[in-house]
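Overview (structure and organization)
Now for the letters of each chain:
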Amino acid sequence: MLPGDIVRSIAGDVPLNDDIRESLRTELGLNRPLINQYMDWISTFPEGDFGGKSLESKEPIKDLLFRELPVTLLFTSYSILISICISVPLGIYSAISKRQWVINLISIFSSAGMSIPNLCMGLLTLIIVMTLFNWSPPIIYTQPWLDPWNHFKMVFVPVLLVGWELSSPLIRIVRYSILQNLQTTYILTAHAKGLSPNSILLRHSLPNAITTPITMLGLQIGLLISSVVIMETLFGLPGIGRALIQACLARDFPVIQTLSCCLILFSLLISLSVDIISRLIHPAIGSDQDIA
Amino acid sequence: MPQNTLRQILRLTIRDYAIFLLISAFLILCILSILAEVISSHDPLSQHLEDRLSKPDSTYYLGTDGLGRDIFSRVLHGIRTSLVIGFTSLAISSVLGVTIGIYCGMNEGRIDLIVQRIIDVLLAFPFFLFALIFVVALGPSIISLAIAIGLGHIPIIARLSRANTILIKQSLYVEAAQMIGAEDIHIVRVHILPNSFIPILAQLPSNFANAIGTEAALSFFGLGIAKPIPSLGNMMSDGITNFIEVAPWITFFPAITLIVLILTFSAIIDKFQQHTTHLRR
């Protein structure tokens, strides 16, 4: 479906005459109608082939996928975890804090995370880290069970950055949610009963206030996947994002198709799980008794 | 009276000093980018190899890069590219998005349902992937970037615009107009269209930031503006691969410029929104 003659990109600089070009087109199946090509590609999925072979390296795409999917999965899960760990405490603290400078600081942190683009965040961090601390991230990736320290060193900078970016809108939503919640009548009752402020916060208002942030997290999955692709390429993590960018540069269309499809399915899966989790936490969502 | 309100807005804006600084910074950047050819000290494409990798000094205001090109001139031209792509994509997404939203809002029938589901699907898409695939398909150039990013922002604007249309359609004065015999197109032209742009104002800085960030990221990876033509992403890519320890200014200045562009534009829209909130409908 993508224009930009594939045959010309495969051939590169070698001058082609018409015969060779025609035979290449027949071999790749580009002569056939569009719907046939699409059905061919889709039918490789159930067979476990996942799109056939990469045009550039002749490697079966299945191997590429299985090698790189765990990296991306790990990276994404770390980022979501870190963003929740950053946003919930900071959001709660900025809701209940009496000190204005703390609230201002957290608000600046959150605005900065939302306005600075992923790329600039990554590049400025790399500059600061390399020039001031003379440290550079490791180049070779190792699985966490093989060499945890190397894995950690490679992963912690991009994870913190993506976590910061994700947590920025979440901090505001958590703060707003908690503030809304603290003004309800049942919290007033809890105070009147004599419960300590901590226990009110943790056991009563937090579980009720957490539903909106979780929904917001579900809406941010697009941002998450975009950030993951950019940060993986920037920091050299061998994941699906980086493979996608390299395939785009090489105009390697089967790989582009399969990997984008994979990323989109991934994002839909995360959205679905966030929906399921929010319904588990607060069973009233979606029914008539929705409190939030 | 439109003239009075504009004057009011300007007066209120100027009184708020911090935001006034940010707004002026943005306008200065815009003017600099328009006059880029006149103001730049050197030609952005010309290489001065004897001065390569020199620190910022009086001849080369922001230093030179690996091929001896002046970074100050390149940054000015890069700002121009970013602003062109940002504003063009904003224009494309606003016009098309508002049109689709108004159409769906006015005829709430089968087409509306289909379009809504399509928008739901598109909203779940990661935006960067969308722009990436488009740019790979259309080839790297300013036009294809602007179109790709503009089309990518249509779903959000369409959804906001449709909600706004339905809201206005249900108000009393539209009902009165319909009773007198106003046609749909008249209602759209007179009542809905003038009120459509303020509700999407909150979304614009976020879209602009996203547009500029995506353009920089795509150029950084080599999929956007091609190499010799300066773009903020290109320059960062040059700086980070080879010269990060020797000459950090090659990457630093484009990055800072990008951030300043986004922050100042958001400040302008925020201020505008604050002062027009009481002017809605």
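1. What about the overall build of chain B?
Counting its secondary structure elements, chain B contains 12 helices and 0 strands. The order of helices and strands in chain B, counted from the N terminus, is α-α-α-α-α-α-α-α-α-α-α-α. Taking the principal axes of its C-alpha atoms as reference, chain B extends roughly 80 × 45 × 25 Å. Counting over 281 residues, chain B shows a buried share of 51%. Intrachain contacts of chain B at a sequence separation of at least 6 include 70% that bridge at least 24 residues. For chain B, the exposed area adds up to about 13,300 Å²; of that, 68% sits on carbon and sulfur atoms. The positive charge centre, built from 18 side chains, and the negative charge centre, built from 18, are 9 Å apart in chain B.

2. Section: the environment of Ile 180 of chain B
Residue position: Ile 180 of chain B is located in helix H8 (residues 172–180). Residues Ile 180 of chain B and Gly 222 of chain B, 42 residues apart in the sequence, show an inter-C-alpha distance of 59 Å.

3. Structural notes on the interface of chain A and chain B
Quoted interface sizes are often the accessible area lost when the parts come together. Between chain A and chain B, the contact holds 32 residues from the first and 29 residues from the second. With both chains or domains summed, chain A and chain B bury close to 2,700 Å², and 87% of this area falls on carbon and sulfur atoms. When the buried area of chain A at its contact with chain B is split by residue, Leu 119, Leu 123 and Ile 127 of chain A rank highest and sum to 18% of it. Taken together, chain A and chain B are joined by 0 salt bridges. The interface formed by chain A and chain B includes 1 residue pair in polar contact (both at pLDDT 80 or more). Contributions of two or more residues to the side of chain A that touches chain B are made by helix H6 (118–132), helix H11 (221–235), helix H12 (240–249) and helix H13 (253–281) of chain A. The greatest single-element share of the side of chain A that touches chain B, amounting to 8 residues, is contributed by H6 of chain A.

4. A short note on the confidence of the model for chain B
All names here are of chain B. Mean pLDDT over chain B stands at 83; residues scoring 70 or higher make up 90%. For chain B, per-element mean pLDDT is lowest for helix H1 (residues 2–15), which scores 65, and highest for helix H7 (residues 142–169), which scores 91. Interface confidence for the predicted complex, given as ipTM, is 0.82, next to a pTM of 0.82.

5. Here's the deal with the pattern of salt bridges
Residue and element names in this part refer to chain B. Tallied over the full model, the rule gives 7 salt bridges over all chains. One salt bridge connects Glu 108 with Lys 169, and the closest N-O pair in it is separated by 3.2 Å. Here Glu 108 is found in the loop between helix H4 (71–106) and helix H5 (110–124), whereas its partner Lys 169 is found in helix H7, with 61 residues between them in sequence. By relative accessible area, which is 45% here, Glu 108 ends up partly exposed. One salt bridge connects Arg 162 with Asp 112, and the closest N-O pair in it is separated by 3.0 Å.

6. Re the state of the cysteines
Taken as a whole and judged by the stated rule, the model has 0 disulfides over all chains. Unpaired in this structure, Cys 262 of chain A has its nearest cysteine sulfur neighbour in Cys 261 of chain A, at a distance of 7.4 Å.

7. Things to note about helix H9 (residues 197–209) of chain A
Residue and element names in this part refer to chain A. A rise of 1.5 Å per residue sets the reference length of H9, with its 13 residues, at 18 Å; its end C-alpha atoms lie only 16 Å apart and thus fall more than 12% short of the reference. Residues Ile 200, Leu 201, Ser 205, Leu 206 and Ala 209 constitute the buried set of H9. On its buried face, H9 is in contact with helix H4 (61–96), helix H7 (148–182), helix H8 (185–193) and helix H10 (211–219).

8. Considerations on H6 of chain A
Residue and element names in this part refer to chain A. Compared with an ideal rise of 1.5 Å per residue, which puts 15 residues at 21 Å, H6 spans 21 Å between its outermost C-alpha atoms and is within 8% of the ideal. Most of H6 sits out of view: 11 of its 15 residues are buried. Within the span of H6, buried status applies to Asn 118, Leu 119, Cys 120, Met 121, Gly 122, Leu 123, Leu 124, Leu 126, Ile 127, Val 129 and Met 130. Looking at the residues trailing H6, positive phi occurs at Asn 134, about 55°.

9. A look at the packing of H12 of chain A against H13 of chain A
Residue and element names in this part refer to chain A. Running from N to C, H12 and H13 point in directions that differ by 150°, and their axes come no closer than 9 Å. One element, H12, and the other, H13, form an angle in the roughly antiparallel class. With respect to the hand of their crossing, H12 and H13 are arranged in left-handed fashion. When H12 is examined against H13, the residues Ile 240, Ala 243, Leu 244, Ala 247 and Cys 248 are found in contact with a partner set consisting of Val 255, Ile 256, Leu 259, Ser 260, Cys 262 and Leu 263. In the contact of H12 with H13, the residues fall into 10 nonpolar, 1 polar and no charged.

10. Description of the environment of Val 84 of chain B
One can find Val 84 of chain B in helix H4. Taking the C-alpha atoms as reference, Val 84 of chain B lies 20 Å from Leu 22 of chain B; in sequence the two are 62 residues apart.

11. A closer look at the packing of H6 of chain A against H11 of chain A
All names here are of chain A. The geometry of H6 relative to H11 is characterised by a closest axis approach of 9 Å and an angle of 30° between their N-to-C directions. Taken together, the axes of H6 and H11 are roughly parallel relative to one another. Crossing angle aside, the handedness with which H6 passes H11 is right-handed. Packed against H6, whose contacting residues are Asn 118, Leu 119, Met 121, Gly 122, Leu 123 and Leu 126, the element H11 presents Ser 226, Ser 227, Ile 230, Met 231, Leu 234 and Phe 235 at the interface.

12. Focus on the side chain of Thr 76 of chain A
Of note, Thr 76 of chain A is situated in helix H4. For Thr 76 of chain A, the side chain forms a polar contact with the main-chain oxygen of Thr 72 of chain A, separated by 2.6 Å.

13. Here we look at the confidence of the model for chain A
Residues and elements named next belong to chain A. Taken over all residues, the pLDDT of chain A has a mean of 79, while the share at 70 or more is 77%. Of all secondary-structure elements in chain A, the lowest mean pLDDT belongs to helix H1 (residues 6–11), at 50, while H11 reaches the highest, 90. This stretch, residues 1–5, has a pLDDT under 50; its non-local contacts, to residues over four places away or in other chains, come to 8 contacts. Scored below 50 in pLDDT, residues 287–292 shows 6 contacts in the model against residues more than four places distant or in partner chains.

Reading the values: rules and limits
- Residues numbered from 1 in each chain as written.
- Chains lettered and ligands numbered in written order.
- Predicted model: local features only at pLDDT ≥ 70, side-chain atom pairs only at ≥ 80, totals over all residues.
- Heavy atoms only, no water.
- Helix = DSSP H or I, 4+ residues; strand = E, 2+ residues; numbered from the N terminus.
- Buried < 20%, exposed > 50% of the residue type's maximum accessible area, 1.4 Å probe, protein only.
- Contact = heavy atoms within 4.5 Å.
- Areas by Shrake-Rupley, 256 points an atom, 1.4 Å probe, with all protein chains shown as cover.
- Lys, Arg positive; Asp, Glu negative; His and termini not counted.
- Charge placed at Lys NZ, Arg CZ, Asp CG, Glu CD.
- Buried area = accessible area lost by both parts, 1.4 Å probe.
- Salt bridge = Lys/Arg side-chain N within 4 Å of Asp/Glu carboxyl O.
- Polar contact = N/O pair within 3.5 Å; in protein donor to acceptor, adjacent residues only side chain to side chain.
- pLDDT = per-residue confidence, 0-100.
- Disulfide = S-S within 2.5 Å.
- Expected span 1.5 Å × (residues − 1).
- Axes fitted to C-alpha atoms, helices over the stretch in contact; angles between N-to-C directions.
- Parallel < 35°, antiparallel > 145°, perpendicular 65-115°, else oblique.
- Left-handed = near helix turned anticlockwise from the far one by under 90°.
- Nonpolar A, V, L, I, M, F, W, Y, C, P; charged D, E, K, R; others polar.

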